[in-house]
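Report on the structure
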Amino acid sequence: MKPSFDVLGKEERRPHPAARRRRLFPRIRVVVVLLAVVYALYCYLFSKPLLAHPLPRHTGPYAVGAIDIEAPVSPPRTIHQARFKGTNEKAFELQTVLFTLYYPATYAAATSSRTKRHTWVPEPLSLRARGYARAAHISNWFTDRLFTIAINALVGGITIPAAVSVPLSSHATPTSQDKNAGEGKEHVLTSEDGPSGGYPVIIFSHGTVSARTDYSHYAGELAARGHIVVMLEHRDGSSPGTIIRQHGQPNRTRLLFDVSEVETPDQSLSLTVEEFHQAQLNFRQAEIEEAVRVIKLINTGYGALVFSENPHNEGPDLANWANRLNTHAMVVAGHSYGATGALQALRGGPTPERPFRGAIVLDPGKQSGPLNADVRVPLLVVHSNSWSSHSSVLYDGRAHFDTVKDIVVKNNERGNPSWFMTSIGTSHPSVTDAPLLEPFLLSFTTGATIDVYQGLRQYVHVAEDFLAFLAGGEVRGLMAEKAEFPQYDEGTVLGMGKPGQGGKGVVEDLKQGEWADWRRYWQIHVSPAGNAEKRES
Ligand SMILES: *[C@@H]1O[C@H](CO)[C@@H](O)[C@H](O)[C@H]1NC(C)=O
């Protein structure tokens, strides 16, 4: 079988990237313009809105709060020695960590809040636009401005429906971790790990060409269900455009960059693609560890310090967050490149720097280097439909699907309950906000067939069930189901999402309310409940 993605290592035999790009540029430019015209025409003919839809409100028992936090790292450090060609500036120097906290808030505080909401594209818009233009390899004076105008027109007015800087809801039980070790009863994530009440914390790592606002709905939905989500913005060259801010220092901008733009400092050698990816993943891991450190600071009563150092001036209430978070047993999650990063963060763990007792791995990377198999905690791996259906060969010559499945199977064998499943009808960006904002454009370009709200809801439900399992050991909903599809099943409808997979007798089988028709949405490949006889379809 011919690999459909770049196999790492073959990179050198290809034509020089610059030459390749020169050939590709005009063509891509024409394609982009054509697509835009076709899309505008389509919207006009079918009376679809050209501009983005507003983001939907969150559902769930809690209102959702949001705080942007940027904290100086301790100590600032260079993760990899690579420098930018030309400027000689270090490419992988970690100075601050940036994330949005999405958290449960009380309704009264959230509805009466007058603080300005976060915009979906943070200011300045032109920075994000330049990043997208770079990602499309068409960045120049003209296209940067064109992209800025387009982004402003499409999503410039979109805000995230979370109340900024409102107090944390007081409904979760305070932790008793230091005082009464051994007595805590509530919110225990793993039994052998002692008491740890308080809100569970999820650290989330985004995919490539993404930023901290791209998953706002998914994060907000988990917050509305009683979780604290730390949505990172990585400064490893994978965000379109991000500003590094620190009190008393000038702003520094970091645009998307790739391997061709950096070199080693000593002999001015280029990095290999593998080295570049490893540098990025190590950078991400350092950012994850720094986020853990900041969350622990807040939980040990240093919320006022974190607020005072925060150049975004958000979170005066952090001073009241002491002992209200479960920092003993966090969860790490990620999408795409971020999922590869989340797996890496489990290596050798759990450790005090990476106290992760479980991981949610969404569409783990196909081109982001080896997937870490040294996992010692429960895993939930979810593939979008397109991720499972496009077979691709990994660095080790194996099919991506098989490598992922192997990690989950072996982890179960080691006694860590783990799941691997495909979400039917979805495509790679289904868990992001993109389909909510532009449902037609996204279905049109990625082939997702599921209703966008339903797609995200399914992702939220399965995460919720997995988090409930981590918190209390309860095996419910999809977690209790057996694996019916050891391999992904294309189905019969032209390889598209096939509703009603498994078909018969579904409702009688399950007395599970919202999960009654789960087979419309899922194929389970690995489950601790074991394998089922394959159903007739
Ligand atoms: C840094 O950038 C932010 C966001 O654009 C801006 O609000 C702030 O004033 C800038 N700070 C400095 C010191 O330039």
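Here the structure is a predicted model, which is why all the values come from computation and not from measurement. (Residues numbered from 1 in each chain as written. Predicted model: local features only at pLDDT ≥ 70, side-chain atom pairs only at ≥ 80, totals over all residues. Heavy atoms only, no water.)

On the surface, Val31, Leu35, Val38 and Phe444 cluster together into a nonpolar patch covering about 330 Å² of accessible area. In terms of residue count, helix H1 (residues 17-45) provides more of the nonpolar patch than any other element does, three residues in total. One can find Leu35 in helix H1. What makes Leu35 partly exposed here is its relative accessible area of 44%. (Patch = residues over 30% accessible without salt bridge, like charges linked within 9 Å, V, L, I, M, F, W, Y side chains within 5 Å. Areas by Shrake-Rupley, 256 points an atom, 1.4 Å probe, with all protein chains shown as cover. Salt bridge = Lys/Arg side-chain N within 4 Å of Asp/Glu carboxyl O. Helix = DSSP H or I, 4+ residues; strand = E, 2+ residues; numbered from the N terminus. Buried < 20%, exposed > 50% of the residue type's maximum accessible area, 1.4 Å probe, protein only.)

This part is about the site of the ligand. Taken together, Glu123, Pro124, Ile243, Arg245 and Asn251 make up the full set of residues adjacent to the ligand. Asn251 has a polar side-chain atom sitting 2.3 Å from an oxygen atom of the ligand. For the ligand, whose unbound accessible area comes to 360 Å², protein coverage reaches 43%. In the shell around the ligand, the residues fall into two nonpolar, one polar and two charged. (Near = heavy atom within 4 Å. Polar contact = N/O pair within 3.5 Å; in protein donor to acceptor, adjacent residues only side chain to side chain. Nonpolar A, V, L, I, M, F, W, Y, C, P; charged D, E, K, R; others polar.)

This paragraph deals with the packing of aromatic side chains. Aromatic ring pairs are defined here through the distance separating the ring centres and the angle between the ring planes. Under the criterion given, the structure shown has 13 aromatic pairs. Where Phe84 meets Phe257, the ring centres are 4.8 Å apart and the plane angle is 85°; that geometry is what we call edge-to-face. Taken together, the positions of Phe84 in strand E1 (residues 63-84) and Phe257 in the loop between strand E7 (252-255) and strand E8 (262-263) put the pair 173 residues apart, joining distant regions of the chain. There is no split in this pair, since Phe84 and Phe257 are both buried. On the basis of an interplanar angle of 75° and a centroid distance of 6.0 Å, the ring pair of Phe257 and Phe276 is categorised as edge-to-face. A residue pair is termed long-range when its members are at least 10 positions apart, and Phe257 in the loop between E7 and E8 and Phe276 in helix H6 (residues 273-308) qualify at 19 residues. Taken individually, Phe257 and Phe276 each receive the classification buried, so the pair is uniform in this respect. (Phe/Tyr/Trp six-rings, centres within 6.5 Å; stacked < 30°, edge-to-face > 60°.)

Bringing the UniProt feature "active site" (unreviewed entry) in the protein chain into the picture now. The feature "active site" (unreviewed entry), as given by UniProt, occupies Ser336, Asp363 and His428 in the numbering adopted here. A compact arrangement is adopted by the annotated residues: their sequence extent is 93 residues, whereas the largest C-alpha distance between any two is 8.3 Å. Tracing the sequence through the fold places Ser336 in the loop between strand E9 (325-335) and helix H7 (337-344). What Ser336 contacts, discounting residues up to four positions off in sequence, is Gly207, Leu362, Asp363, Pro364, Gly365, Trp387 and His428. When its relative accessible area of 22% is taken as the criterion, His428 is described as partly exposed. Beyond its immediate chain neighbours, meaning those up to four positions away, His428 contacts His335, Ser336, Asp363, Ser384, Ser386 and Trp387. (UniProt positions renumbered as here; feature names shortened; annotations may be inferred. Contact = heavy atoms within 4.5 Å.)

Let's shift gears to the pairing of strand E11 (residues 379-384). Most of E11 is tucked away: six of the six residues are buried. Strand direction decides the pairing type here: strand E10 (residues 356-362) and E11, joined by four bridges, are parallel. When the bridges of E11 are listed, Ile360 appears paired with Leu380. Pairing of E11 with strand E12 (residues 418-423) involves six bridges; the strand directions are parallel. Within the sheet, the bridge partner assigned to Ser384 lies in E12 and is Ser423. (Pairing = 2+ DSSP bridges.)

Here we take up the confidence of the model for the protein chain. Atomic detail in the predicted coordinates should be set aside for any region of low pLDDT. Counting all residues, the mean pLDDT for the protein chain is 84, and 83% of those residues have values of 70 or more. Per-residue pLDDT, averaged within each element of the protein chain, yields its smallest value for helix H13 (residues 506-509) (42) and its largest for strand E5 (residues 228-233) (98). Long-range and interchain partners of residues 1-15, a stretch whose pLDDT sits below 50, account for 24 contacts in this model, where long-range means more than four residues apart. (pLDDT = per-residue confidence, 0-100.)

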